[in-house]
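Coordinate inspection notes
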Amino acid sequence: MAGAFPMNARSMAAAVALAVGAGGAGGRGAARLGPGSCGGLTVTPSTPTAPAHVAAKLAYTGYGAIAWTVTRADDGSAIDFTPDESGRSIAFDATLPGRYDVTATAASFDSPCAQSGSVTLGGAPPTNAWRLRITPPPESGLPRQDRSIVLTAGAPLDHQQLSLAAGLPVAGSLRGDGAGVAGTVRFVADDGLDALAAADPGGVFTAVLLGDERYQVVAIPLDDGLAPTLGAHDLGASVAAGPFTVDAGVQVTGTVRDADGQPIAGARIVLEAGPLPSTVGRSDAKGAFALRAQPGPSWSVAVSADGLPEIHGAPMAIDPGKPLDVRWTVATLPVAATVIGSDGRTPIAGARVTIRSSALLPSIATLAQGGAPVSADGTARMTLTSRPDGTLPPLALPAAAYDLLVEPPSGPGDGATALHVVLAKPDQWRLAVRPRMDLSARVTDGRTPVAGVRVMAVEQGVPGAAPEALTDGDGRYHLRVDSGVGVDLFFDPPRSDDPQRQLVRAHLALAPGSASSDVALQAGQPVRGTVLSPTGAPIEGALIEAWCLGPCATAWPGGTAATAAGGGFALVLPEPTGAPDGGDGGVP
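Keep in mind it's a predicted model, so treat the numbers as computed, not measured. (Residues numbered from 1 in each chain as written. Predicted model: local features only at pLDDT ≥ 70, side-chain atom pairs only at ≥ 80, totals over all residues. Heavy atoms only, no water.)

Turning to the pattern of salt bridges, a few remarks are in order. Taken as a whole and assessed by the stated rule, the structure comprises 21 salt bridges. Across the pair Arg 454 and Glu 468 runs a salt bridge whose closest N-O atoms are separated by 3.1 Å. Within this pair, whereas Arg 454 is found in strand β40 (residues 454-459), its partner Glu 468 is found in strand β41 (residues 468-470), the two being separated by 14 residues in sequence. The partner of Arg 505 in a salt bridge is Asp 492, with the nearest N and O atoms 2.7 Å apart. With Arg 505 in the loop between β43 (487-492) and β44 (506-510) and Asp 492 in strand β43, this residue pair connects regions lying 13 residues apart in the sequence. Asp 492 carries the same exposure label as Arg 505, and that label is buried. (Salt bridge = Lys/Arg side-chain N within 4 Å of Asp/Glu carboxyl O. Helix = DSSP H or I, 4+ residues; strand = E, 2+ residues; numbered from the N terminus. Buried < 20%, exposed > 50% of the residue type's maximum accessible area, 1.4 Å probe, protein only.)

Turning next to unusual backbone geometry. Residue Pro 51 is reached from Ala 50 by a cis peptide bond, and omega for that bond is 0 degrees. When you line up the elements, Pro 51 lands in the loop between β2 (38-45) and β3 (52-60). Residues Gly 242 and Pro 243 are joined by a peptide bond in cis, for which omega reads 0 degrees. In this fold, Pro 243 is placed in the loop between α1 (236-239) and β20 (244-246). In this structure, Asp 177 is a non-glycine residue whose phi angle is positive, near 55 degrees. On the secondary structure map, Asp 177 appears in the loop between β13 (168-176) and β14 (179-180). Note on Asp 177: relative accessible area 70%, which makes it exposed. Located in the positive-phi region is Ser 363, a residue other than glycine, with phi close to 50 degrees. Position of Ser 363 relative to the elements: it lies in strand β31 (residues 361-368). The class of Ser 363 is partly exposed, set by a relative accessible area of 44%.

Ranked by internal contacts, the top residues of the largest apolar core, which has 52 residues, are Val 301, Trp 328, Ile 355, Tyr 402, Trp 429 and Leu 431. Ranked by size, the runner-up nonpolar core spans 24 residues in total, among them Val 54, Ile 66, Ile 90 and Leu 121. (Core = buried A, V, L, I, M, F, W, Y, C linked by side-chain atoms within 4.5 Å.)

With that settled, consider the sheet that holds strand β49 (residues 568-573). The strands that make up a sheet pair up through hydrogen bonds in the backbone, lying either parallel or antiparallel. The sheet built from three strands is open, its strands ordered β12-β46-β49 with mixed pairing. Edge strands, defined here as strands with exactly one partner in the open sheet, are β12 (157-163) and β49. The mean angle between the axes of side-by-side strands here comes to 30 degrees, regardless of whether they run parallel or antiparallel. Of the pairings in the sheet, the one linking strand β46 (residues 525-532) to β49 comprises six bridges and is antiparallel in character. Residue pairing across strands places Pro 526 opposite Val 572, the latter belonging to β49. (Pairing = 2+ DSSP bridges. Axes fitted to C-alpha atoms, helices over the stretch in contact; angles between N-to-C directions.)

Moving on to the state of the cysteines. Each disulfide consists of one covalent bond between the sulfur atoms belonging to two cysteines. Summed over all chains, the structure comprises one disulfide. Across a sulfur-sulfur distance of 1.8 Å, Cys 548 and Cys 552 are joined as a disulfide pair. On the S-S bond that ties Cys 548 to Cys 552, the torsion sits near 100 degrees, and the link is right-handed. Note on accessibility: Cys 548 and Cys 552 belong to one class, buried. (Disulfide = S-S within 2.5 Å.)

A full pass over the atoms with the stated rule returns seven aromatic pairs. Geometrically, the ring pair formed by Phe 490 and Trp 556 is edge-to-face, given 6.0 Å between the ring centres and 70 degrees between the ring planes. Separated by 66 residues along the polypeptide, Phe 490 in strand β43 and Trp 556 in the loop between β47 (543-550) and β48 (559-562) bring together distant segments of the chain. On the basis of relative accessibility, which here comes to 8%, the residue Phe 490 falls in the buried class. The exposure class of Trp 556 is partly exposed, given its relative accessible area of 22%. Through a chain of ring-to-ring contacts, three or more aromatic side chains come together here, namely Phe 187, Phe 205, Tyr 215 and Phe 244. (Phe/Tyr/Trp six-rings, centres within 6.5 Å; stacked < 30°, edge-to-face > 60°.)

One open sheet holds the four strands; their spatial order is β11-β10-β47-β48, and the pairing between them is antiparallel. Of all the strands in the sheet, just β11 (145-152) and β48 have a single pairing partner and so form its edges. Taken over all neighbouring pairs, the strand axes of this sheet differ in orientation by 25 degrees on average, direction set aside. Here β47 pairs with β48 via four bridges, running antiparallel. Bridge pairing in β48 places Leu 543 opposite Ala 562.

Before going further, it helps to examine a negative patch on the surface. Residues Asp 177, Asp 223, Asp 224 and Asp 247 make up a contiguous surface patch of negative charge. Tracing the chain through its elements places Asp 224 in the loop between β18 (214-221) and β19 (229-235). What makes Asp 224 exposed here is its relative accessible area of 52%. (Patch = residues over 30% accessible without salt bridge, like charges linked within 9 Å, V, L, I, M, F, W, Y side chains within 5 Å. Areas by Shrake-Rupley, 256 points an atom, 1.4 Å probe, with all protein chains shown as cover. Lys, Arg positive; Asp, Glu negative; His and termini not counted. Charge placed at Lys NZ, Arg CZ, Asp CG, Glu CD.)

To continue, consider the side chain of Asp 146. With respect to the helices and strands, Asp 146 occurs in strand β11. At a separation of 2.9 Å, a polar atom in the side chain of Asp 146 contacts the side chain of Arg 133. (Polar contact = N/O pair within 3.5 Å; in protein donor to acceptor, adjacent residues only side chain to side chain.)

Relative to the helices and strands, Thr 354 is located in strand β30 (residues 352-357). Accessibility expressed as a relative area gives 8% for Thr 354, which makes it buried. A polar contact of 3.5 Å, which involves the side chain of Thr 354, links it to the side chain of Thr 383. What Thr 354 contacts, discounting residues up to four positions off in sequence, is Met 382, Thr 383, Asp 403, Leu 404 and Leu 405. (Contact = heavy atoms within 4.5 Å.)

Attention now goes to the confidence of the model for the protein. Across the protein, pLDDT averages 88, with 91% of residues at or above 70. Across residues 1-35 the pLDDT falls below 50, and counting only partners more than four positions away or on other chains, this stretch makes 104 contacts in the model. Predicted confidence is poor over residues 583-587, with pLDDT under 50, and the contacts of this stretch with residues over four places away or in other chains come to 18 contacts. (pLDDT = per-residue confidence, 0-100.)

Dropping the structure here:
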């Protein structure tokens, strides 16, 4: 748009002024104008970042037409604007970051005057959304709960008050056939933390829920004659009222056989529909089984038996009036395996060996209920212990790729070792473990060493293996780990009041056998606050884990802290950059 207004024929002197917010330069104190003169052009955004409402004003006292143009420099596009009644000012919306050029041309008979100005708007500062998972001390009687914060680049968060909800105590009774029954009651949260309660032989249980969280109740009795049941799906305040009841459901029967049609004894069969399982059916010497389930339109079938791959059937309709026939159809190959030491010859007794197929095994079994058999996929997964001579019990596995974890008995010598093998024919595996190794490196802030950093080595796939060390005055740490597995190193800097030492937790992934490298901790943004009880009292000893929701989500917390005597806590989290940090996970 443009506006045309009369003006006189006096010559005009041109001057351009630019003002950006309260901190802009020029334009605010333009020189005094004489009659018929033309002064500065002032361009003022409402904020220094887009989107912004921009006003432009020409200090002009003459008569005549004024033509305005506004363009976005990045792509040359014309921007619509609105003039005021005098035509001396215009306004427009700058929705995108970048430079906006404004020109004002006042016609003159003796001396044309064209004035211009520009304003450059930055994008909105990047942000990261975080979930603070708070675990109060047990003596508080408060449930674990989450609080959300948003961290904006360049804006540390201070004085955060995290008030915890009291939780809703649930004192209920799990009942079946009019009497209390032992079992488990699960409260599955829609978007939060689940709660789990054990019912005693009289059916009595207690739990603590959050009144404003939605839960699905799943009641699982211990009595195989009663079927697990879905209860209410509602807010905690509603599901707490119960009732919590189970019944017999329907009976599903069937048989389990191998590829030759022979019955398999001791197989375990479970039907699953979302969070709801059936009872566990176990096959007898004739391969026959029976279980109880709630009527439903579709169930997934899971079957496992010693020495055979687990079956994972796709959801299918189950008719309680027809027997379910389960049959393994996959061919297997014999494998003899021996665990030996890192010297390549000494057998290791008592080693735990976990075997898993590297990928889903297609079409390993069939499921049928009177009609045509339906193909089912599966997974090979088993754990064995080496005998005194280092050998494993005989194996029969489908041709496939396998990931193995070999864990020798604890000791100073050889350690856990991850192996990958491909089985294509009958084979003999010699599973050699690798020795333990020392890790040592230096932690700095990019310039100077950092003492007191807690370094934790989490060994991948090895339960409970997480040795720790503190860096010394030179920033060095020393750890002994298993060289045969990957290691995730986490570096937690000590709390510091020094503004130059607000350092972020770091992570370093090491491949098996890799030496650790020096780590430079990065500066981050502090988050400080207080955790309060529902009555406003400070809570000491609450544990806080900070999980990034995006775009910096990782498979580990970005920061951890514990509240002090006054309930105070301090975290240092990564500065938002607007880009992912390369993590492969999120909040559990």
